There are 2 protein chains.
Amino acid sequence: MLKTVVFDLDGVVYRGATGIPGVAAEISRLQGKLQVLFLTNNATKSRQDYVEYLKKFGITAEKNDIMTSSFGSAHYISEKYGRGKKVHVIGESGLRDELKEEAGAVFAEENAEIVVVGLDRHLTYGKIDAGVKNILAGAKFILANSDPTYPTEDGLSLGSGSIGAALSYACGKPPDVIIGKPSLYLIEKLLQMRGAKAGEAAFVGDRLDIDMRMANEVGMKSVLVLTGVATEGDVKHAPAADQPAIVIKSAAEAGRALGI
Amino acid sequence: MLKTVVFDLDGVVYRGATGIPGVAAEISRLQGKLQVLFLTNNATKSRQDYVEYLKKFGITAEKNDIMTSSFGSAHYISEKYGRGKKVHVIGESGLRDELKEEAGAVFAEENAEIVVVGLDRHLTYGKIDAGVKNILAGAKFILANSDPTYPTEDGLSLGSGSIGAALSYACGKPPDVIIGKPSLYLIEKLLQMRGAKAGEAAFVGDRLDIDMRMANEVGMKSVLVLTGVATEGDVKHAPAADQPAIVIKSAAEAGRALGI
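Conventions we followed
Each chain carries its own residue numbering, running from 1 in the written order of its sequence. Here chains are named by letter from A upward and ligands by number from 1 upward, in the order in which they appear as written. For this predicted model, a pLDDT threshold of at least 70 governs which residues receive local features, and a threshold of 80 or more governs which side-chain atom pairs are given and counted, while totals over whole chains, interfaces and linings are taken from all residues. With hydrogens and water set aside, each side-chain value is computed from the structure's full complement of heavy atoms. Like-charged residues within 9 Å of one another, or nonpolar side chains (Val, Leu, Ile, Met, Phe, Trp, Tyr) within 5 Å, are grouped into patches, provided each residue has over 30% relative accessible area and no salt bridge. Exposure was quantified through the Shrake-Rupley algorithm and a 1.4 Å probe, taking into account, for residues, occlusion by the shown protein chains and nothing else. Any Lys or Arg side-chain nitrogen located within 4 Å of an Asp or Glu carboxyl oxygen qualifies as a salt bridge. Only four residue types enter the tally: Lys and Arg on the positive side, Asp and Glu on the negative side; His and the chain ends are excluded. For charged residues, the charge sits on one atom: NZ in Lys, CZ in Arg, CG in Asp, CD in Glu. Runs of H or I in DSSP of at least four residues are treated as helices and runs of E of at least two as strands, each being numbered from the N terminus. Two residues form a contact once any of their heavy atoms are found within 4.5 Å. When two parts are put together, the accessible area they lose, computed with a 1.4 Å probe and summed over both, is reported as buried area. Any N or O atom pair separated by 3.5 Å or less is treated as a polar contact, with the protein-specific requirement of one donor-capable and one acceptor-capable atom, and with residues adjacent in sequence counted only for side-chain atom pairs. Residues were grouped as follows: Ala, Val, Leu, Ile, Met, Phe, Trp, Tyr, Cys and Pro as nonpolar; Asp, Glu, Lys and Arg as charged; and all remaining residues, including Gly, as polar. A pair of strands is treated as paired once DSSP finds two or more bridges between them. Each axis is a line fitted through C-alpha atoms, taken for helices only over the stretch in contact, and angles between the N-to-C directions span 0 to 180 degrees. Among buried residues, those of type Ala, Val, Leu, Ile, Met, Phe, Trp, Tyr and Cys that are joined through side-chain atoms within 4.5 Å constitute a nonpolar core. Between buried and exposed lies partly exposed: a residue is buried under 20% and exposed over 50% of the maximum accessible area for its type, with that area taken using a 1.4 Å probe on protein chains only. Here the copies were fitted onto each other by least squares, based on C-alpha atoms from residues at pLDDT of at least 70 in both. Multiplying 1.5 Å by the helix residue count minus one yields the expected span of that helix. The crossing is said to be left-handed when, going from far helix to near helix, the turn is anticlockwise and less than a right angle, and right-handed when the turn is clockwise. The start and end points of each domain follow an automatic or database-based domain assignment.

Caption draft 1: The arrangement of a negative patch on the surface in detail. Residues Glu109 and Glu110 of chain A together with Glu153 and Asp154 of chain B make up a contiguous surface patch of negative charge. Relative to the helices and strands, Glu109 of chain A is located in the loop between strand 7 (106–107) and strand 8 (114–117).

Next up, the structure:
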């Protein structure tokens with residue numbers, strides 16, 4: 001029996017600054033019937049930032065309903081290495097906020113124990129170079145997400161994964177961990193924190209090789225919407241691991257497709 | 001019969017700002033006997049910059065004696081695509097100077113026909129992002145050199161190749177061409193421009209997988225010095241393609257080892 005629905009955000013609930021018609025109302029309706037959660041690879045905003053952001057689209061959510069790769073990175077550090085570590089951040093304020101709150105991180109460019117890399121639109125040579133020096137000296141290398149690019153109104157822009165690629169190439173090693181989708185860390189943590197079981201949950205996303213792959217692998221019902229990246233044509237050519245259980249035009253149809 | 005000796009610079013003639021003892025005198029002596037040339041992967045300086053820089057170590061050289069990946073990139077563009085192209089540069093003043101002089105490049109961040117990537121210690125998110133947009137829109141992608149890092153007094157720093165890795169990952173494609181060593185472009189151009197034959201030339205360098213590999217592949221006598229990156233222990237473990245013909249302690253012994 002379906003008890004939880006997890007929605008991806010960009011391409012599913014909104015596109016950039018524009019809400020996708022009918023989705024806020026559908027989410028509100030579903031919130032009266034089962035547990036509704038949100039999960040995004042975005043590392044630039046904190047969970048609190050998303051509480052505010054979702055309000056603009058008419059969606060009410062609490063911090064604990066939302067999983068981001070910023071919070072996920074901080075939670076991973078706190079769990080695995082403990083609080084109060086010296087952390088060099090290549091990332092934006094949302095990532096720093098979560099690292100401070102969830103992991104008690106002490107920010108340091110030099111002699112850091114951990115380097116965390118996310119999207120950073122104020123990236124400089126010095127920030128990457130400090131990351132290289134820290135990792136070569138033995139610091140752990142945590143990549144918030146491996147997305148090569150992300151969509152903007154001006155086309156695709158450089159993503160977190162590409163900043164990570166520069167560090168990997170310079171240091172001759174891959175990240176110690178990748179937090180974001182299609183890795184299962186974010187979804188497993190979210191389900192666990194909310195007492196939900198994958199077999200009783202659905203994931204609604206817009207990307208085959210990221211969202212559908214993750215949902216299938218973790219054992220959730222995979223629901224593809226056509227308001228984001230993937231098209232019906234893409235579905236035909238996708239490998240079995242990336243095939244959605246259900247394809248719908250928009251998340252506004254999510255409840256009907258799931259029989260809720 | 002040996003008619004030309006080509007010296008790598010950093011790790012061979014000097015280390016950072018310090019000349020390696022006896023090398024300037026040996027170069028001066030060799031210049032009276034055969035053709036002495038210089039070749040470096042460095043893309044941040046122009047050939048003219050190196051004329052001035054070598055003077056500080058007591059070495060006299062003319063612009064045409066020197067091959068750099070900055071000049072090489074500009075020459076490649078001029079040969080392959082013609083002069084006056086719109087070029088987006090991720091790189092420093094030496095690269096821009098050569099692109100202007102040798103290729104008549106018109107610098108443009110938007111709608112560039114060619115993206116040239118070298119070491120850029122003033123790198124910003126916007127510069128890489130503009131590169132991504134240009135390459136995704138069809139611009140040619142030229143990497144000055146693929147060095148992951150370069151040595152500084154503070155340890156290894158982020159190199160040209162790592163900036164290229166970010167662009168490659170974001171765009172989902174490798175560079176259209178890599179100009180610097182171990183690619184043969186620089187050495188073949190230098191020998192051709194100076195009317196030299198590989199079979200009558202030696203290359204003196206400090207790296208097995210870059211300098212010795214290039215020299216062996218192009219058919220020059222490969223001479224390894226131990227004043228830079230490689231150690232005697234490294235030589236034992238190097239594959240056949242990277243083995244030097246001769247190992248000497250320092251380039252100050254180059255002439256004696258070559259029988260000049």
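Caption draft 2: Structural context of the interface of chain A and chain B. The interface of chain A with chain B comprises 27 residues on the first partner and 27 residues on the second. Interface of chain A and chain B: buried area, both sides summed, is about 2,100 Å²; carbon and sulfur atoms make up 66% of it. Between chain A and chain B we count zero salt bridges in total. If you look at where chain A meets chain B, you find 16 residue pairs in polar contact (both at pLDDT 80 or more). Elements represented by at least two residues in the side of chain A that touches chain B include exactly helix 5 (125–136), strand 10 (149–152), strand 11 (155–158) and helix 6 (160–171) of chain A. For the side of chain A that touches chain B, the class distribution of residues is 14 nonpolar, seven polar and six charged.

Caption draft 3: Expanded view of the sheet that holds strand 12 (residues 177–178) of chain A. Residues and elements named next belong to chain A. In space, the five strands of this open sheet follow the order 7-6-8-9-12, with parallel pairing throughout. Taken across any chain shown, the strands that pair with only one partner, and hence form the sheet edges, are strand 7 and strand 12. Direction of pairing for strand 6 (residues 86–90) relative to strand 7: parallel, over a ladder of two bridges. Within strand 7, the position partnered with Lys86 by the bridge is Val106.

Caption draft 4: Here's a closer look at the sheet that holds strand 1 (residues 4–7) of chain B. Residue and element names in this part refer to chain B. Strand order in the open sheet made by the six strands is 5-4-1-13-14-15, with parallel pairing throughout. Edge positions in the open sheet fall to strand 5 (66–68) and strand 15 (246–248), since each of these has one partner strand only. Across this sheet, the average inter-strand angle for adjacent strands is 20°, counted without regard to direction. Judged from the three bridges that link them, strand 14 (residues 221–225) and strand 15 form a sheet pairing that is parallel. Opposite Val225, over in strand 15, you have Ile248 as the bridge partner. Packing of helix 1 (residues 23–31) onto the sheet brings it into contact with strand 1 and strand 4 (35–40), and relative to strand 4 it is tilted by some 135°. Of the strands in this sheet, strand 4 and strand 5 touch helix 2 (residues 47–56), which is tilted by about 125° from strand 5.

Caption draft 5: Representation of the nonpolar core in the model. Core analysis: the largest hydrophobic core is formed by 34 residues, its most contacted members being Val117 and Leu167 of chain A together with Val117 and Leu167 of chain B. Excluding anything up to four places from it in sequence, Val117 of chain A contacts Ile90, Phe141, Ile142, Leu143, Ala144, Ser160, Ile163, Gly164 and Leu167 of chain A.

Caption draft 6: Geometry of the relation of the copies chain A and chain B. It takes a turn of 180° to lay chain A on chain B, together with a shift of 0.0 Å along the axis; the resulting RMSD is 0.0 Å. The relationship between the two copies is best expressed as a two-fold rotation axis. An overlap of 100% is found between the interface residues of chain A and their copies at the interface of chain B, pointing to a shared contact surface.

Caption draft 7: Focus on helix 6 of chain A. All names here are of chain A. With 12 residues, helix 6 should reach 16 Å at 1.5 Å per residue; the first-to-last C-alpha distance of 17 Å fits that figure. The element helix 6 is extensively covered by neighbouring structure, given that 11 of its 12 residues are classed as buried. A positive backbone phi angle near 70° is found at Gly172, which sits one or two residues after helix 6.

Caption draft 8: Looking closely at the packing of helix 6 of chain A against helix 6 (residues 160–171) of chain B. The geometry of helix 6 of chain A relative to helix 6 of chain B is characterised by a closest axis approach of 7 Å and an angle of 140° between their N-to-C directions. The two elements helix 6 of chain A and helix 6 of chain B meet at a crossing, and its hand is right-handed. On the side of helix 6 of chain A, the interface is formed by Gly161, Ser162, Ala165, Ala166, Tyr169 and Ala170 of chain A, while helix 6 of chain B contributes Gly161, Ser162, Ala165, Ala166, Tyr169 and Ala170 of chain B.

Caption draft 9: A look at the domain arrangement of chain A. Residues and elements named next belong to chain A. Structurally, chain A comprises domain 1 (4–41 + 181–257) and domain 2 (81–178). For domain 1 versus domain 2, the separation of C-alpha centres amounts to 27 Å. Tallying the contact residues gives four residues for domain 1 and four residues for domain 2. Taken together, the two surfaces of domain 1 and domain 2 that pack against each other cover about 450 Å², and 35% of this comes from carbon and sulfur.

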